[in-house]
Amino acid sequence: MSEWKEYKLKDIGCSFLSGYGFQSTDFELNGIPLIKIGNIQKKTVTVDPDGDFISTNKLDDKVSKFLLDNNDVLIAMTGQGSVGRVGRLKLHNGTKPLLNQRVGKFICDEININIDFLYYILTSDKYQDYLFSAGSGSGQPNLSPELILETIIPYVNYKEQVSIASILNGLDNKIDLLHRSE
C-alpha cells in the first residue's frame, strides 16, 4: 500500500465545469430536464419530474457540453444551507439532463484521480463541513470554481483509489438493496 499524501484538486487532474445560465424564459413543461441546486439531496442528484425543462430546440453546440451522464459528481455552488453539497447523478431512464448555473460538475482525468474516489472523499462529513464553511460568509454563500479546485484532499495512487472506491460502492449498493426490500 502506498503512502497517503495531500494535494489540491487542481494539481491532481481534476477540473470543473460550471453550469449554464439558462433564462427563466427558456423553461418548459417538458423536454430536457434541468439539474438545479435543489436536485442535490443526501449525496444523490436526481431528476425532478415536476422540475424545469429546456426545449430540445435549445440544444446547440454551446449548450450540449452541459449535458450530464449517469454517475456524474455535482456540487451546489450557492445557497444558504446547500452550498458545498455534493451528490452523484442517478439516472434511471437514459435521460440526459442539463447542468444549470450555480451547479458544478467535477471532471477527473482518470489517470491521476478516480471520480468515484473523489465522490467518497467529498461526501464525507469532514469535506461537506469544509465546503459548506468555505462557501459561507456575509450575504449569499458562494463557492467559486477556483476555490473548489483549491480544496486539498487525501491522495493515494490511482490503483488504490479505484480499489477503495470499489469497496465503498459495493457497500452503497448493498445498502440500496436493503432499503428497496423494506
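Refer to the structure above for everything that follows.
Rules behind the numbers
Residues numbered from 1 in each chain as written. Predicted model: local features only at pLDDT ≥ 70, side-chain atom pairs only at ≥ 80, totals over all residues. Heavy atoms only, no water. Core = buried A, V, L, I, M, F, W, Y, C linked by side-chain atoms within 4.5 Å. Buried < 20%, exposed > 50% of the residue type's maximum accessible area, 1.4 Å probe, protein only. Helix = DSSP H or I, 4+ residues; strand = E, 2+ residues; numbered from the N terminus. Contact = heavy atoms within 4.5 Å. Patch = residues over 30% accessible without salt bridge, like charges linked within 9 Å, V, L, I, M, F, W, Y side chains within 5 Å. Areas by Shrake-Rupley, 256 points an atom, 1.4 Å probe, with all protein chains shown as cover. Salt bridge = Lys/Arg side-chain N within 4 Å of Asp/Glu carboxyl O. Pairing = 2+ DSSP bridges. Phe/Tyr/Trp six-rings, centres within 6.5 Å; stacked < 30°, edge-to-face > 60°. Lys NZ or Arg CZ within 6 Å of the ring centre and 35° of its normal. Polar contact = N/O pair within 3.5 Å; in protein donor to acceptor, adjacent residues only side chain to side chain.

### Observations regarding the nonpolar core
Working step 1: Grouped together as the largest cluster of nonpolar side chains are 27 residues, with contacts concentrated most on Leu9, Ile75, Phe106, Ile113, Leu118, Leu122 and Ile153.
Working step 2: Where this core is concerned, the elements lending two or more residues are strand 2 (14–18), strand 8 (73–76), strand 11 (103–108), helix 2 (115–122), helix 3 (125–135), helix 4 (145–149) and strand 12 (152–155).
Working step 3: Of the residues forming this core, the biggest block, seven residues, is contributed by helix 2.
Working step 4: Leaving out residues up to four positions away in the same chain, Leu122 has contacts with Val86, Phe106, Tyr127, Gln128, Leu131 and Ile153.
Working step 5: Membership of the second largest hydrophobic core comes to 20 residues, among which are Phe66, Leu68, Leu74 and Leu89.

### Description of a nonpolar patch on the surface
Working step 1: Taken together, the side chains of Ile167, Leu168 and Leu171 present a nonpolar region at the surface, about 260 Å² in accessible area.
Working step 2: Within the secondary structure, Leu168 is located in helix 5 (residues 158–181).
Working step 3: For Leu168, a relative accessible area of 31% puts it in the partly exposed group.

### Concerning the sheet that holds strand 6 (residues 44–45)
Working step 1: Strand order in the open sheet formed by six strands is 2-11-8-9-6-5, and the pairing between neighbours is mixed. For this open sheet the edge positions go to strand 2 and strand 5 (40–41), each flanked by a neighbour on one side alone.
Working step 2: Pairing geometry for strand 8 and strand 11, over three bridges, is antiparallel. Counterpart to Ala76 in the pairing with strand 11 is Val103.

### Thoughts on the packing of aromatic side chains
Working step 1: One pass over the full model with this rule turns up six aromatic pairs.
Working step 2: Ring centres of Trp4 and Phe117 lie 6.2 Å apart, and the angle between their planes is 35°; this geometry places the pair in the tilted category. Linking Trp4 in the segment before strand 1 (5–8) with Phe117 in helix 2, this pair joins segments that are 113 residues apart in sequence.
Working step 3: You can call Trp4 partly exposed: its relative accessible area is 38%.
Working step 4: The buried category is assigned to Phe117, whose relative accessible area is 3%.
Working step 5: Among the aromatic residues, ring-to-ring pairing joins Tyr20, Phe22 and Phe66 into one connected group.
Working step 6: Its guanidinium or amino end placed over the ring of Tyr119, Arg88 lies 4.0 Å from that ring's centre, counting from NZ or CZ.

### Quick word on the pattern of salt bridges
Working step 1: Across all of its chains, the model carries seven salt bridges by this definition.
Working step 2: In this structure, Asp69 engages Lys96 in a salt bridge whose closest nitrogen and oxygen atoms are separated by 2.4 Å. Of the two residues, Asp69 is situated in the loop between helix 1 (61–64) and strand 8 and Lys96 in the loop between strand 9 (86–89) and strand 10 (98–99); the sequence distance between them amounts to 27 residues.
Working step 3: When its relative accessible area of 42% is taken as the criterion, Lys96 is described as partly exposed.
Working step 4: Two residues, Asp116 and Arg88, come together in a salt bridge whose shortest N-O distance is 3.6 Å. Residue Asp116 is located in helix 2, and its partner Arg88 is located in strand 9; the two are separated by 28 residues in the primary sequence.
Working step 5: Here the residues in one salt-bridge network are Lys8, Lys10 and Glu150, joined through shared partners.

### Here's the deal with the side chain of Thr78
Working step 1: Locating Thr78 in the fold gives a position in the loop between strand 8 and strand 9.
Working step 2: Residue Thr78 is classed as buried on the basis of its relative accessible area, which comes to 8%.
Working step 3: At a separation of 2.5 Å, a polar atom in the side chain of Thr78 contacts the side chain of Arg102.
Working step 4: Setting aside chain neighbours within four positions, we find Thr78 in contact with Ile37, Val83, Arg102, Gln140, Pro141 and Asn142.

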